[in-house]
Amino acid sequence: MSFYLKGRQKLRQIFCLPVRFPDVHNSQSWTRLEAGSPELHLVSHVDGRDSYTRGRIGVESWDIFFRNTNAGAPPGTAYQSPLPLSRASLAAVAQAQPNVDKLVEDHLAVQSLIRAYQIRGHHVAQLDPLGILDADLDSSVPADIISSTDKLGFYGLDESDLDKVFHLPTTTFIGGQESALPLREIIRRLEMAYCQHIGVEFMFINDLEQCQWIRQKFETPGVMQFTNEEKRTLLARLVRSTRFEEFLQRKWSSEKRFGLEGCEVLIPALKTIIDKSSENGVDYVIMGMPHRGRLNVLANVIRKELEQIFCQFDSKLEAADEGSGDVKYHLGMYHRRINRVTDRNITLSLVANPSHLEAADPVVMGKTKAEQFYCGDTEGKKVMSILLHGDAAFAGQGIVYETFHLSDLPSYTTHGTVHVVVNNQIGFTTDPRMARSSPYPTDVARVVNAPIFHVNSDDPEAVMYVCKVAAEWRSTFHKDVVVDLVCYRRNGHNEMDEPMFTQPLMYKQIRKQKPVLQKYAELLVAQGVVNQPEYEEEISKYDKICEEAFARSKDEKILHIKHWLDSPWPGFFTLDGQPRSMSCPSTGLTEDVLTHIGNVASSVPVENFTIHGGLSRILKTRGELVKNRTVDWALAEYMAFGSLLKEGIHIRLSGQDVERGTFSHRHHVLHDQNVDKRTCIPMNHLWPNQAPYTVCNSSLSEYGVLGFELGFAMASPNALVLWEAQFGDFHNTAQCIIDQFICPGQAKWVRQNGIVLLLPHGMEGMGPEHSSARPERFLQMCNDDPDVLPDLQQANFDISQLYDCNWVVVNCSTPGNFFHVLRRQILLPFRKPLIIFTPKSLLRHPEARTSFDEMLPGTHFQRVIPESGPAAQAPAGVKRLLFCTGKVYYDLTRERAARGMAEQVAITRIEQLSPFPFDLLLKEVQKYPNAELAWCQEEHKNQGYYDYVKPRLRTTIDRAKPVWYAGRDPAAAPATGNKKTHLTELQRLLDTAFDLDAFKNFS
């Protein structure tokens, strides 16, 4: 056939005709088109010769059909059957063939034109309310967008074609109920859909259904209609948003508040998203946002009491002794109220955050995932998240990309987030042309096929429509969506900043710009929706609310940070927020429980499941350990997890390769060797009514994933949430989460968190990158005083220490102690972050074993493990007392045995480094009155624990003795890359540790 199949399908699509094709094996077999339309002229190559279709040939009928259509006849009646053709007229038919070709080409051109607007129409949309910048940073108009009639030539059309009628393809909805339109009207409707105050980016999406859904939402004629009631509601919300900022400016003109002026439409935008989501069944919305506009969102979206906001500006207000607090524009909030539009309950939570823009993104996602998990919302229909962004940060911060890549992962998806970008078109003082290489700040969202709706923020109705569509998209497809509010910033970066230094032309225009409230009010008055007195009454009503709240705020004497808690834990604390006790029960277990967990851990609890041969040997070894009443590191972790699951505690372990474990020791997910993707998690087969266990390999991200897990741990105190770094030093790419959230979170926001960080650590000759988890950094950030000896006689001293600290730092030397510290994390009556430096070589070290006897009822986590050998039996004869932590203990005991110094040198392990165990170490020092004291570590002197331990040990003994150092010399890198050098350094530190004359010259 000379008319190829693809061409036929295209014709069928253009003309909406059910074309049937001839049987190519039978030259006599031709079929007609349906009645009421002309026959299609096809040329067939059959039996090696060209021949025309037999019967009635339809070239003339197409001409008649389109002439009648252009004259106004409906497509169904436009067809008139032509007279039969004689052989003599075939030559005339052949000459008419170019007319059909032109007809087809023109329709293909129109289809291309429609597609061009769908793809690139946003580039010419009128998005900047100031009218001075192109939102895509490009002033040129794409060549395939019809900005003038001469551009029709790009498609092989000209001005004479403008009034011709063309059938519309199924990939557009601009026709509404009409299936054909004149070209002039087609272009006009495309302009209205894609080139006004809304710019739609969606044609990169791979899913046809989703593209069609968006086309229908924006192309259908008259789709953006609002009732008068909706317009009045929008005006009232704009009044609140605008007058709130003006009230703050009048009362505290010299205070930084990072106001919303220039994007006041954000408040009605958020409320529209929440209204529509509530209508679709959502009852819990978790939000994250930067500082700009936060007070307005707290007041008019979350509905925080205005007097609580206003009293934050009172410099004379005393702070309650709940922590150090944070500035007012970083605080969060949790509130449950009735949504007045839907008359349904809605819970709103705004997560507190630092100044580090976008850092809260994964935290919000993690908290959302947790809330979905705990209420059984497996599809995200009840709980959702809204993330607000600034334009410069959205384009510039890598965490945005990391967070997007969590959006569709099975163990991380929240089933769609609505992202709202407050696009000020400036970042502090930086012009967007210097701040990003992409056309828009939102282009990062394209990586996950999220549609992007750009909208001019000075058109409130366009903003509301876009927000409705965004909420509907999330409800329909459960995928991310971005709303880009193209706006401006009326003031500088803050109210004290002078923007004219760097953006003089922009701010000259801004000074002239009429506020959006005034513009919209004038429009509604002109439309007769409201009159001027009604508008002024709305303003007076809200001003009165603010004044009355301001008067009440003067009665506040104390600033309570707990009033700004974003994640309350009902029932966990007493009514006044205190722990229900200051004690911790034993973390031991009965032998039956230990044995049961051990047996499951060493078996495959699913029938007909084939595991790897090497894994069979590992499970067999575990079984032998259980028979011998012993655990190694992996089994100790298994027993801690399994016992907590029995007690109803959900456990979530996340990180890179955690299912198997970086060092192939864990194997919590078994894989069938014969069936693809068939897996088994034995931990979920322990008990009939156990809590679920979630173990999930993460994306190759630290910043995003650690932030996510922190957010997950915020939601409930009755879960053990752990993040494991592939190697301990990888935590430094998540340093922002550690420094801004985990370390100071409770002090800033009165928000406890029990997240656990597992950081593999140890100098084992593997080079500078995979050796140190940088313990010195965590210890430097501990809030205890090295120079003050606490009251050691205080009741429950160890628990009180834990309650007062900002986090707990441990380095366990035995599997049993690792087991106890994990269980203690949940059995404590409060929550603190737990940093564990975990081993690598000790995972399989024959001496790193613990007997069941040390894990039975009555046993506890040992903050200090004292010497238990010959030195402890004759303490007066001990010449040196070595303090250490972690793996180096095994190097020291091996060296001590080789030198025969078991009676001369005692070795004490400090398992809990912070809070520092002053009480237990004082007893150790007093036990060995004749021993000199030395701290031994495998890390370099300027790293590791020495700078933390030494002053605290000196305080413990009232500086009665020096504390010597045995370890590697100071260095810039954490470890050497040369194996021989590594071994030489190790032997040198061991020589120093056991040379009893090593420190005589320093005395």
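Here the residue index of a chain counts from 1 through its sequence in written order. Per-residue local features of the predicted model are confined to residues with pLDDT of at least 70, and side-chain atom pairs are confined, for both listing and counting, to 80 or more; whole-chain, interface and lining totals are unaffected and use all residues. Only heavy atoms go into the side-chain values, all of them from the structure, while hydrogens and water stay out.

Under an unreviewed UniProt entry, the chain has the name 2-oxoglutarate dehydrogenase complex component E1 and belongs to Oryctolagus cuniculus. UniProt positions are given in the numbering used here, feature names are shortened, and annotations may be inferred rather than shown by experiment. Here is the UniProt Sequence similarities (unreviewed entry) comment for the chain, exactly as written: "Belongs to the alpha-ketoglutarate dehydrogenase family."

*Asks:* For helix 31 (residues 979-994), give the residues involved together with the corresponding values.
*Replies:* Secondary structure elements follow DSSP: runs of H or I no shorter than four residues count as helices, runs of E no shorter than two count as strands, and numbering proceeds from the N terminus. Multiplying 1.5 Å by the residue count of a helix minus one yields the expected span of that helix. The terminal C-alpha atoms of helix 31 lie 23 Å apart, and with 16 residues this matches the ideal 22 Å at 1.5 Å per residue to within 8%. For every residue, the accessible area (1.4 Å probe, protein chains only) is compared with the maximum for its type, and the residue is labelled buried under 20%, exposed over 50%, or partly exposed between those bounds. All of the buried residues in helix 31 are His-982, Glu-985, Leu-986, Leu-989, Leu-990, Ala-993 and Phe-994. Down the axis of helix 31, the smallest arc covering the buried residues is 160 degrees, so these residues share one side. Packed against the buried residues of helix 31 are strand 26 (880-884), helix 28 (888-899), strand 27 (905-910), strand 29 (932-940) and strand 30 (963-968). Under the rule applied, a polar contact is a pair of N or O atoms within 3.5 Å (in protein, one hydrogen donor and one hydrogen acceptor; residues adjacent in sequence only if both atoms are side-chain atoms). Between the side-chain oxygen at the start of helix 31 and the backbone nitrogen of Lys-980 there is a gap of 3.0 Å, and the oxygen is on Asn-978. Here the arc refers to the directions that run from the helix axis out to each C-beta atom. Contact between two residues is taken to exist if any of their heavy atoms lie within 4.5 Å; hydrogens are not considered.

*Asks:* Which residues make up the sheet that holds strand 8 (residues 333-339), and what values do they have?
*Replies:* At least two DSSP bridges between two strands are needed for those strands to be called paired. If you walk across this open sheet you meet the eight strands as 5-12-13-11-10-6-9-8, and the pairing is mixed. The outermost strands of the open sheet, each flanked by one partner alone, are strand 5 (198-201) and strand 8. Each strand of the sheet is rotated relative to its neighbour by a mean of 20 degrees, with strand direction disregarded. Orientation is described by axes fitted as lines to C-alpha atoms, over the contacting stretch for helices, and by angles from 0 to 180 degrees between their N-to-C directions. Across the sheet, helix 14 (residues 460-477) is in contact with strand 5, strand 10 (383-390), strand 11 (417-423), strand 12 (452-456) and strand 13 (481-486); its angle to strand 12 comes to roughly 165 degrees.

*Asks:* Describe in detail helix 14, supporting the description with residues and values.
*Replies:* Three or four residues apart is the spacing at which side chains of an α-helix point the same way, because the helix has 3.6 residues per turn. Along its 18 residues, helix 14 runs 26 Å from first to last C-alpha, staying within 8% of the 26 Å computed at 1.5 Å per residue. Counting buried residues in helix 14 gives 15 out of 18 residues, a clear majority hidden from the surface. In the segment just after helix 14, His-478 is the residue with positive phi, at about 55 degrees.

*Asks:* Before we move on, can you summarise the packing of helix 29 (residues 918-927) against helix 30 (residues 946-956) with the specific residues and values?
*Replies:* Between helix 29 and helix 30, the least distance of the axes is 9 Å, while the angle of their chain directions is 65 degrees. Relative to helix 30, the element helix 29 is oriented roughly perpendicular. Like other packed secondary-structure pairs, helix 29 and helix 30 cross with a definite hand, here right-handed. Together, Phe-918, Leu-921 and Leu-922 of helix 29 and Arg-952, Leu-953, Thr-955 and Thr-956 of helix 30 make up the contact between the two elements. Polar here means any residue outside two lists: the nonpolar Ala, Val, Leu, Ile, Met, Phe, Trp, Tyr, Cys and Pro, and the charged Asp, Glu, Lys and Arg; Gly therefore counts as polar. The residue inventory of the contact of helix 29 with helix 30, partitioned by class, reads four nonpolar, two polar and one charged. Relative orientations are named as follows: roughly parallel for angles under 35 degrees, roughly antiparallel for angles over 145 degrees, roughly perpendicular for angles from 65 to 115 degrees, and oblique for any other angle. Handedness of each helix crossing follows the sense of rotation of the near helix against the far helix: counterclockwise by less than a right angle gives left-handed, clockwise gives right-handed.

*Asks:* Explain the nonpolar core to me, using residue names and the numbers behind them.
*Replies:* Counting 190 residues, the largest nonpolar core has Leu-266, Met-287, Val-297, Phe-310, Ile-386, Leu-757 and Trp-935 as its most contacted members. Sort the elements by how many residues they give to this core and helix 14 lands first, with 11 residues. With residues near it in sequence (within four places) discarded, Met-287 still touches Leu-270, Val-297, Val-301, Ile-302, Ser-349, Leu-350, Val-351, Val-364, Ile-386 and Leu-388. The next biggest cluster of nonpolar side chains, apart from the first, holds 59 residues, and it includes Val-593, Leu-720, Cys-805 and Cys-812. Residues enter a nonpolar core if they are buried and are Ala, Val, Leu, Ile, Met, Phe, Trp, Tyr or Cys, with the set joined through side-chain atoms within 4.5 Å.

*Asks:* Tell me about the side chain of Asn-456, residues and numbers included.
*Replies:* Secondary-structure assignment places Asn-456 in strand 12. For Asn-456, a relative accessible area of 5% corresponds to the buried category. Here Asn-456 is in contact with Gln-126, Leu-127, Asp-128, Pro-129, His-197, Val-463 and Val-486, once residues within four sequence places are set aside.

*Asks:* Any chance you could break down the packing of helix 20 (residues 633-646) against helix 26 (residues 815-827) for me, citing the residues and the numbers?
*Replies:* Relative orientation and spacing of two packed helices are given, respectively, by the angle between their axes and the distance between those axes. Two numbers describe how helix 20 lies on helix 26: the axes approach to 8 Å, and their chain directions differ by 25 degrees. In terms of orientation, helix 20 lies roughly parallel with respect to helix 26. Between helix 20 and helix 26 lies a crossing whose hand is right-handed. Of the residues in helix 26, those in contact with Trp-633, Ala-636, Glu-637, Met-639, Ala-640, Phe-641, Ser-643 and Leu-644 of helix 20 are Pro-815, Phe-818, Phe-819, Leu-822, Arg-823 and Ile-826. Broken down by class, the residue content of the contact of helix 20 with helix 26 amounts to 11 nonpolar, one polar and two charged.

*Asks:* Would you mind going over the pairing of strand 9 (residues 344-350) in detail, with residue names and values included?
*Replies:* Buried residues dominate strand 9, accounting for five of its seven residues. The sheet contact formed by strand 6 (residues 284-288) and strand 9 spans four bridges and is parallel. Pairing of Val-285 across the sheet is with Leu-348, part of strand 9. Across seven bridges, strand 8 lies against strand 9 in antiparallel orientation. Bridge pairing links Tyr-334 to Ser-349 in strand 9. Two successive antiparallel strands, strand 8 and strand 9, enclose a turn made up of four residues, where Asp-343 displays a positive phi of approximately 60 degrees.

*Asks:* Run through the sheet that holds strand 20 (residues 719-724), naming residues and quoting values.
*Replies:* The sheet built from seven strands is open, its strands ordered 19-16-20-21-23-22-28 with mixed pairing. With one partner strand each, in any of the chains shown, strand 19 (693-697) and strand 28 (912-914) form the two edges of the open sheet. If you compare each strand with its neighbour and ignore which way they point, the axes differ by 20 degrees on average. In this sheet, strand 19 lies alongside strand 16 (residues 650-655) in parallel orientation, the contact comprising five bridges. Residue pairing across strands places Ile-651 opposite Tyr-693, the latter belonging to strand 19.

*Asks:* Give me the lowdown on the environment of Leu-388, citing residues and values where you can.
*Replies:* As for its position among the elements, Leu-388 is in strand 10. The class of Leu-388 is buried, set by a relative accessible area of 3%. It is 9.7 Å that separates the C-alpha atoms of Leu-388 and Val-482, two residues lying 94 residues apart in sequence. Sequence-distant contacts of Leu-388, defined by excluding residues within four places in its chain, comprise Leu-266, Leu-270, Met-287, Gly-288, Met-289, Pro-290 and Val-420.

*Asks:* Lay out the pairing of strand 23 (residues 834-838) in plain terms, naming residues and giving numbers.
*Replies:* On a regular strand, each side chain points to the face opposite its neighbour's, so the side chains alternate between the two faces of the sheet. Most of strand 23 sits inside the fold, with five of its five residues counted as buried. Across the two faces of strand 23 the burial is the same, with Leu-834, Ile-836 and Thr-838 and Ile-835 and Phe-837 all buried. As judged from the five bridges shared by strand 21 (residues 756-760) and strand 23, these two strands associate in the parallel manner. Considered in strand 23, the bridge of Leu-759 is made with Phe-837. Relative to strand 23, strand 22 (residues 808-810) is paired through three bridges, and the arrangement is parallel.

*Asks:* I'd love a proper account of the pattern of salt bridges, names of residues and values included.
*Replies:* A pairing counts as a salt bridge when a side-chain nitrogen of Lys or Arg comes within 4 Å of a carboxyl oxygen of Asp or Glu. On inspection of all chains with the given rule, the structure shows 48 salt bridges. A salt bridge links Glu-246 to Arg-243; the shortest N-O distance between them is 2.6 Å. Of this pair, Glu-246 and Arg-243 both sit in helix 6 (residues 228-251), separated by three residues, roughly a single helical turn. What makes Glu-246 partly exposed here is its relative accessible area of 31%.

*Asks:* I'd like a rundown of the environment of Asn-811, residues and numbers included.
*Replies:* Positionally, Asn-811 belongs in the loop between strand 22 and helix 26. Asn-811 gets classed as buried once you look at its relative accessible area, which sits at 6%. Considered as a pair, Asn-811 and Lys-887 are 76 residues apart in the sequence and their alpha carbons are 8.6 Å apart. Setting aside anything within four residues of it in sequence, one finds Asn-811 in contact with Phe-837, Thr-885, Gly-886, Ile-910, Glu-911, Leu-913 and Tyr-945. At a separation of 2.9 Å, a polar atom in the side chain of Asn-811 contacts the side chain of Tyr-945.

*Asks:* Pulling in residues and values, what's your account of the environment of Thr-272?
*Replies:* Topologically, Thr-272 is positioned in helix 7 (residues 266-279). The exposure class of Thr-272 is buried, given its relative accessible area of 8%. Residues Thr-272 and Ala-471 lie 199 residues apart in sequence; the distance between their C-alpha atoms is 8.4 Å. If we ignore the near neighbours within four places in the chain, the residues touching Thr-272 are Arg-237, Met-464, Cys-467 and Lys-468. One polar contact links the side chain of Thr-272 to the main-chain carbonyl oxygen of Pro-268, over a distance of 2.7 Å.

*Asks:* Explain the state of the cysteines residue by residue, including any values.
*Replies:* Any covalent bond linking the sulfur atoms of two cysteines counts as a disulfide. Cysteine sulfur pairs qualify as disulfides if the two atoms are within 2.5 Å. Applying the stated rule across the entire model yields zero disulfides. Cysteine Cys-263 is unpaired, with the sulfur of Cys-487 as its nearest cysteine sulfur at 3.5 Å. Of the residues examined, Cys-263 reaches a relative accessible area of 2% and is grouped as buried.

*Asks:* How would you summarise unusual backbone geometry if you had to cite specific residues and measurements?
*Replies:* Cis geometry marks the peptide bond from Ser-914 to Pro-915; its omega dihedral reads 0 degrees. For Pro-915, the location among the structural elements is in the loop between strand 28 and helix 29. The phi torsion at Leu-137 lies on the positive side, around 60 degrees, for a residue other than glycine. Position of Leu-137 relative to the elements: it lies in the loop between helix 3 (90-120) and strand 3 (165-167). The exposure class assigned to Leu-137 is partly exposed, which follows from its relative accessible area of 30%. The phi torsion at Ser-664 lies on the positive side, around 55 degrees, for a residue other than glycine.

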